[in-house]
Amino acid sequence: MQIAIAAHSSPVDPKNEAMAREFLKELHSQCPSTTLLLGGYWGFMKSIVDEALKLSFKVVVILPLERHDVELPSDAIRIDSGCEFRCRSVIMVRSSDALVALGGGAGTIIEVLLAYAMGKPAYVLTGTNLSSDNLPKAFPEYIDERKVIRIRYFDDPVKLAREICRERITPVKAAFG
């Protein structure tokens, strides 16, 4: 299973980092062969990448054109996307089987919307005191009337990880027509 992780590009408070660690530890205990995809190696994303690598996850970092200069840990897989931030998010979400938002701003919210539009399961951790906490107020279950896929919200990172692994998400086949 490949999971895209949406997270803030700036540093976050220690409570959010602790919730991310709890999520990753439980995900690793339940689904150890999961590959994680992130869109950068700075801010909260850097904390998540570093923790995931400590737990021996396979980590792929898809860098936007503006940040190809970022040096990654040697055990992270680097993809220089050749496109700007939002385009990089399309690649990251399209390459995943599901998206998990661990807290962020506009970029994280865009990635949740992309997952919905692509029919990818989207899981959002709430209680982060970041802008993505507003998603359940705006979109309690679905983004629009098409009801493509229900957005799932969790205030407990352990329950979030268990639910993802319990569901044994399978890759979504794109329909073109």
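Everything below is about the structure shown above.
Here is what the cut-offs are and how they apply
Residues numbered from 1 in each chain as written. Predicted model: local features only at pLDDT ≥ 70, side-chain atom pairs only at ≥ 80, totals over all residues. Heavy atoms only, no water. Phe/Tyr/Trp six-rings, centres within 6.5 Å; stacked < 30°, edge-to-face > 60°. Helix = DSSP H or I, 4+ residues; strand = E, 2+ residues; numbered from the N terminus. Lys NZ or Arg CZ within 6 Å of the ring centre and 35° of its normal. Axes fitted to C-alpha atoms, helices over the stretch in contact; angles between N-to-C directions. Parallel < 35°, antiparallel > 145°, perpendicular 65-115°, else oblique. Left-handed = near helix turned anticlockwise from the far one by under 90°. Contact = heavy atoms within 4.5 Å. Nonpolar A, V, L, I, M, F, W, Y, C, P; charged D, E, K, R; others polar. Disulfide = S-S within 2.5 Å. Buried < 20%, exposed > 50% of the residue type's maximum accessible area, 1.4 Å probe, protein only. Pairing = 2+ DSSP bridges.

J.: Can you help me understand the packing of aromatic side chains in this one?
T.: Pairs of aromatic rings are described using the distance from one ring centre to the other and the angle between the two planes. Following the criterion strictly, the structure yields one aromatic pair and no others. Pairing Tyr-123 with Phe-154 gives two aromatic rings, centres 6.2 Å apart and planes at 35 degrees, and the pair type is tilted. You can see Tyr-123 sitting in strand β6 (residues 122-125) and its partner Phe-154 sitting in strand β7 (residues 152-154), a full 31 residues away along the chain. Seen from the ring of Trp-42, Arg-67 lies directly overhead, with NZ or CZ sitting 4.1 Å from the centre.

J.: Looking at this structure, how should I read the packing of helix α1 (residues 14-30) against helix α6 (residues 157-167)?
T.: Between two packed helices, what matters for the description is the angle formed by their axes and the separation of those axes. As a packed pair, α1 and α6 sit with axes 8 Å apart at the nearest point and diverge in direction by 30 degrees. Compared by their axis directions, α1 and α6 come out roughly parallel. Of the two possible hands of crossing, α1 and α6 adopt the one that is right-handed. Between α1 and α6, the contacting residues are Met-19, Glu-22, Phe-23, Glu-26, Leu-27 and Gln-30 on the first element and Pro-157, Val-158, Leu-160, Ala-161, Arg-162, Ile-164 and Cys-165 on the second. Residues that form the contact of α1 with α6 fall into these classes: nine nonpolar, one polar and three charged.

J.: Looking at this structure, I do not really get the packing of helix α3 (residues 85-94) against helix α4 (residues 106-118). What am I missing?
T.: The geometry of α3 relative to α4 is characterised by a closest axis approach of 10 Å and an angle of 50 degrees between their N-to-C directions. Overall, the two elements α3 and α4 adopt an arrangement that is oblique. Note that α3 runs across α4; the crossing there is right-handed. Facing Arg-86, Arg-88, Ser-89, Val-90, Met-92, Val-93 and Arg-94 of α3, the residues of α4 in contact are Ile-110, Glu-111, Leu-114, Ala-115 and Met-118. Grouping the constituent residues of the contact of α3 with α4 by class yields seven nonpolar, one polar and four charged.

J.: Quick question: what am I supposed to make of the state of the cysteines here?
T.: The term disulfide refers to a covalent linkage connecting the sulfur atoms of a pair of cysteines. According to the stated counting rule, one finds two disulfides in the structure shown. Covalent S-S linkage joins Cys-31 and Cys-165, the inter-sulfur distance amounting to 2.0 Å. Here Cys-31, found in the loop between α1 and β2 (35-38), pairs with Cys-165, found in helix α6; they are 134 residues apart in sequence, far enough to count as distant. Assigned by exposure class, Cys-31 and Cys-165 land together as buried.

J.: Teacher, can you tell me more about the sheet that holds strand β3 (residues 58-63) here?
T.: Either a parallel or an antiparallel arrangement is found when strands of a sheet pair, and the pairing is made through backbone hydrogen bonds. What the seven strands build is an open sheet, ordered β4-β3-β2-β1-β5-β6-β7; its pairing is parallel. Here the strands that pair on one side only, and so sit at the sheet edges, are β4 (77-80) and β7. In this sheet, adjacent strand axes meet at a mean angle of 25 degrees when their direction is disregarded. Where β2 lies against β3, four bridges are found, and the strand directions are parallel. Across the sheet, Leu-36 pairs through a bridge with Val-59, a residue of β3. Across the sheet, α6 lies against β1 (2-6), β5 (98-101), β6 and β7, angled at about 170 degrees from β6, the strand it touches most.

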